[in-house]
Amino acid sequence: MTNKMTKKIFLTLIASIFAWTTSSAQEPQMADLFRKEGKIYVVIGVILIIFAGLVAFLVYLDRKLNKLEKK
């Protein structure tokens, strides 16, 4: 993975997290219900696992493509 691509991915991740946290001015009732019952952590955990899997797959795919390009 090139440095340029790594920087782009990192900056995109930071920007999306910042936008997500600042855009939650009004919280939906479902989030309040999940928070009261303690299920919000399960939802966040599942989302993080899916996101981490996608990032890992993209890194794997990029490395594989770089190997093919060098051949």
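Residues numbered from 1 in each chain as written. Predicted model: local features only at pLDDT ≥ 70, side-chain atom pairs only at ≥ 80, totals over all residues. Heavy atoms only, no water.

Attention now moves to the overall build of the protein chain. When helices and strands are tallied, the protein chain shows three helices and zero strands. Going from the N terminus to the C terminus, the protein chain shows its helices and strands as α-α-α. Every one of the 71 residues in the protein chain was classed for burial, and the buried ones make up 4%. Accessible surface, the protein chain: about 6,700 Å² in total, of which carbon and sulfur atoms supply 70%. (Helix = DSSP H or I, 4+ residues; strand = E, 2+ residues; numbered from the N terminus. Buried < 20%, exposed > 50% of the residue type's maximum accessible area, 1.4 Å probe, protein only. Areas by Shrake-Rupley, 256 points an atom, 1.4 Å probe, with all protein chains shown as cover.)

This part is about the pattern of salt bridges. Side-chain pairing between opposite charges can occur once the charged atoms of the two side chains come close. The full count for this structure, using the stated rule, is one salt bridge. The partner of K39 in a salt bridge is E37, and the shortest N-O contact between them spans 3.3 Å. With a relative accessible area of 46%, E37 lands in the partly exposed category. (Salt bridge = Lys/Arg side-chain N within 4 Å of Asp/Glu carboxyl O.)

To continue, consider a positive patch on the surface. A cluster of basic residues, R63, K64, K67 and K71, forms a positive patch on the protein surface. When you line up the elements, K67 lands in helix α3 (residues 40-70). (Patch = residues over 30% accessible without salt bridge, like charges linked within 9 Å, V, L, I, M, F, W, Y side chains within 5 Å. Lys, Arg positive; Asp, Glu negative; His and termini not counted. Charge placed at Lys NZ, Arg CZ, Asp CG, Glu CD.)

A separate point is a nonpolar patch on the surface. The grouping of F57, L58, Y60, L61, L65 and L68 at the surface amounts to a nonpolar patch, some 620 Å² of accessible area in total. Relative to the elements of secondary structure, L68 occurs in helix α3. Classification of L68 as exposed rests on a relative accessible area of 56%.

Once that is clear, we can look at the confidence of the model for the protein chain. Averaged over the protein chain, the pLDDT score is 81; the fraction of residues at 70 or greater is 85%. No element of the protein chain has a lower mean pLDDT than helix α1 (residues 3-22), at 75, and none a higher one than α3, at 91. (pLDDT = per-residue confidence, 0-100.)

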